[in-house]
Amino acid sequence: MRNSSVYDVETYIADIYDQIITEQDDVLFIKQHLGDKNKLSILEPFCGTGRISIPLAVDGHSIVGIDNAKGMLDWFQRKLDNTKSAGEVKLINQDVLAKEWPQGFDLVILAANCFYELATPEVQEECIKRAFKSLRAGGYLYVDGDHMEGDLAKSWQDLGQVKKSLCGIAQDGAVVETTRKTIWFDVKKRLARFERGTTVTKKNGEVIKVTSIQQKHPVSTGEVQDWIQKHGFEILKIYGNSDGTAYTEQSPRAIFWARKP
Ligand SMILES: C[S@@+](CC[C@H](N)C(=O)[O-])C[C@H]1O[C@@H](n2cnc3c(N)ncnc32)[C@H](O)[C@@H]1O
């Protein structure tokens with residue numbers, strides 16, 4: 001099953017995303033791990049609006065971002081155009097599963113629950129495999145996701161409930177509302193399927209409505225660890241949060257910092 005993009009409603013979702021998702025703790029974490037290495041070549045699949053990639057470009061690193069939502073990349077480019085000095089940035093508007101990723105990078109970033117964008121463990125594992133091919137020997141892999149072990153968490157089993165997520169007022173005054181309703185789940189396989197809807201009401205009264213079905217597989221730490229090792233990486237450390245605390249069974253996140261030998 002392929003997910004269609006729920007982020008691609010002109011630049012409206014990008015606009016609201018940047019108003020709501022303002023965390024920089026993961027950017028700081030990555031910068032600390034890069035230390036004083038400069039002018040690195042970095043690949044960020046699922047790059048979105050450049051929340052992570054733009055600060056790294058401003059540090060002088062060169063970036064390749066891949067994202068299948070044109071609206072997110074247009075927003076990324078608009079922000080970049082307003083940035084005084086930055087390393088080279090190339091944005092590729094394509095599904096991460098469509099083609100092989102470009103190669104020769106020093107770092108591949110799989111950030112902020114990006115695996116939740118994919119429908120099955122098979123395609124998530126494929127991303128780890130592609131990350132390995134994309135890195136030069138000695139290059140690093142960063143993978144960050146929520147920590148969920150065992151069966152699908154109870155909070156994912158809320159069948160029929162409609163939840164609002166990315167909602168707000170866009171810069172042009174349009175009202176943006178996105179909703180998500182769980183329509184199916186499998187506790188043992190850790191799969192959940194959602195009906196997603198976006199409504200944009202523009203100031204001139206025009207209304208855009210988009211709906212899609214999306215399936216998610218919240219990864220376990222064990223799965224990600226197995227894929228990373230199976231595809232040839234050496235795991236340098238698993239963190240439990242971006243403040244640098246070590247991973248434990250109670251950690252809120254599982255953040256992998258790995259190296260291609
Ligand atoms: C939650 S946003 C994260 C953006 C960015 N990494 C960050 O941390 O702010 C996820 C992004 O992944 C993109 N995306 C989802 N599925 C994708 C796919 N199959 N191929 C490429 N991009 C995808 C979406 O368009 C969206 O911009």
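About the criteria used
Residues numbered from 1 in each chain as written. Predicted model: local features only at pLDDT ≥ 70, side-chain atom pairs only at ≥ 80, totals over all residues. Pairing = 2+ DSSP bridges. Helix = DSSP H or I, 4+ residues; strand = E, 2+ residues; numbered from the N terminus. Domains from an automatic or database assignment. Contact = placed C-beta atoms within 7 Å. Nonpolar A, V, L, I, M, F, W, Y, C, P; charged D, E, K, R; others polar. Core = buried A, V, L, I, M, F, W, Y, C linked by C-beta atoms within 7 Å. Buried ≥ 20, exposed ≤ 12 C-beta atoms within 10 Å, placed from the backbone. Axes fitted to C-alpha atoms, helices over the stretch in contact; angles between N-to-C directions. Right-handed = clockwise from strand over helix to strand, strands pointing away.

With respect to the pairing of strand 8 (residues 175-186)
Move 1: Strand direction decides the pairing type here: strand 6 (residues 162-164) and strand 8, joined by three bridges, are antiparallel. From the neighbouring strand, Val162 faces strand 8, where its bridge partner is Lys181.
Move 2: As paired strands, strand 7 (residues 168-169) and strand 8 are joined by two bridges and run antiparallel to one another. Paired with Gly168 across the bridge in strand 8 is Val176.
Move 3: The hairpin formed by strand 7 and strand 8 contains five residues between the paired strands, and Gly173 there has a positive phi angle of roughly 90°.
Move 4: Hairpin geometry of strand 8 and strand 9 (residues 191-201) is characterised by an intervening segment of four residues between the two adjacent antiparallel strands and by a positive phi of about 55° at Arg190.

Notes on the domain arrangement of the chain
Move 1: In terms of domain boundaries, the chain breaks down into domain 1 (12-150 + 218-259) and domain 2 (154-216).
Move 2: Look at where the C-alpha atoms of domain 1 and domain 2 centre, and you get two points 24 Å apart.
Move 3: Contacts between domain 1 and domain 2 engage ten residues on the former and 13 residues on the latter.
Move 4: Here the residues of the side of domain 1 that touches domain 2 are counted per class, giving eight nonpolar, one polar and one charged.

Side note on the nonpolar core
Move 1: Counting 60 residues, the largest nonpolar core has Val108, Ile109, Leu110, Leu141, Tyr142 and Phe256 as the members making the most contacts within it.
Move 2: Residue contributions to this core reach at least three from each of two domains, namely domain 1 (12-150 + 218-259) and domain 2 (154-216).
Move 3: With residues near it in sequence (within four places) discarded, Phe256 still touches Leu141, Val143, Val224, Ile228, Ile235 and Ile238.

Brief notes about the sheet that holds strand 12 (residues 253-259)
Move 1: Here we have seven strands laid out as an open sheet, ordered 3-2-1-4-5-12-11, and mixed in their pairing. A single partner strand is all that each edge strand has here, and the edge strands are strand 3 (89-93) and strand 11 (234-239). Ignoring strand direction, the axes of neighbouring strands in this sheet form an average angle of 15°.
Move 2: Sheet topology places strand 1 (residues 41-45) next to strand 4 (residues 105-110); two bridges connect them, and they run parallel. Bridge pairing in strand 4 places Ile42 opposite Leu107.
Move 3: On top of the sheet, helix 4 (residues 70-81) reaches strand 2 (62-67) and strand 3; it is set at about 165° to strand 3, its chief contact.
Move 4: Of the strands in this sheet, strand 5 (135-146), strand 11 and strand 12 are in contact with helix 6 (residues 221-230), which crosses strand 12 at around 5°.

Concerning the pairing of strand 1
Move 1: Within strand 1, four of the five residues are buried, which leaves it mostly tucked inside the rest of the structure.
Move 2: Two strands pair when backbone bridges link them, and strand 1 and strand 2 are joined in this way by five bridges, in the parallel orientation. Bridge pairing in strand 2 places Glu44 opposite Gly65.
Move 3: Read from strand 1 through helix 3 (residues 53-58) to strand 2, the crossover connection turns out right-handed.

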